[in-house]
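Chain and residue survey
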Amino acid sequence: MEKFPQSVIDMMSAGGSTVTCLPVQLDTEDSEAWQSAFFFRLGGQESQRDIRLLKKSTDVFSVGLETDIIEHANATVVLLRLQVFTQKDNPLVGEVLLTPGGAETHYEVLTLLSEQQSLTWFFSDQDYQVIHQQRQPLLKDWQDEFLALRSEAFKRDSIIRLSGKYSAQTAFAEVVSNYALR
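Residues numbered from 1 in each chain as written. Predicted model: local features only at pLDDT ≥ 70, side-chain atom pairs only at ≥ 80, totals over all residues. Heavy atoms only, no water.

1. Description of the packing of aromatic side chains
This structure, assessed with the given rule, holds 8 aromatic pairs. Where Phe40 meets Trp121, the ring centres are 6.4 Å apart and the plane angle is 25°; that geometry is what we call stacked. Here Phe40, found in strand β2 (residues 34–41), pairs with Trp121, found in strand β6 (residues 118–124); they are 81 residues apart in sequence, far enough to count as distant. Given a relative accessible area of 1%, Trp121 falls into the buried group. Three or more aromatic residues joined by ring pairs make a cluster, and in this case those are Phe4, Phe39, Phe122 and Tyr128. Cation over ring: Arg161 sits above Tyr166, and NZ or CZ is 3.9 Å from the ring centre. (Phe/Tyr/Trp six-rings, centres within 6.5 Å; stacked < 30°, edge-to-face > 60°. Helix = DSSP H or I, 4+ residues; strand = E, 2+ residues; numbered from the N terminus. Buried < 20%, exposed > 50% of the residue type's maximum accessible area, 1.4 Å probe, protein only. Lys NZ or Arg CZ within 6 Å of the ring centre and 35° of its normal.)

Below is the structure:
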């Protein structure tokens, strides 16, 4: 069984995150192409059923994706809320927070999402062992949404920078402080 790439493991470990979206080069016909991919790490008792379902399935699970912009005084935080319907009435839920004005990688994630033709998802167990992966088409409407998010965040952050109050780290930390693990 293969593991998440070490760079993904390091990033998730350092940030304490269980879901992220990062630019990657996939082993495809066009191995030069980069795309943003989602990485979900599952663990704990509450995830055991999902882990079993993901391990045994070769199907593509339905997904839901909501977006929002959090207008913090110090920077714009883009929210990607993900749902993966491993169970019809109890989906896996994860949120990815991006500060495209403060982290070059976050800006790149949104740029790639606005251009790529498909979304790739990787799921792992607690030990970062890949238990399932899937790819689905990325519709033009969603590409346009990611481009609009990037553009809105960039415009808003430009104004904040002019005021001298810009701090992506402060905005990110304050937004994250409102989260709690169940």
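2. As for the nonpolar core
Counting residues in hydrophobic clusters, the biggest one holds 28 residues, and the most contacted among them are Phe40, Leu80 and Phe123. Residue contributions to this core peak at 4 residues, all from strand β4 (residues 76–84). If near-sequence neighbours (up to four positions away) are discounted, Leu80 is found in contact with Phe38, Leu65, Glu66, Thr67, Gly94, Glu95, Val96, Leu98, Leu113, Phe146 and Leu149. (Core = buried A, V, L, I, M, F, W, Y, C linked by side-chain atoms within 4.5 Å. Contact = heavy atoms within 4.5 Å.)

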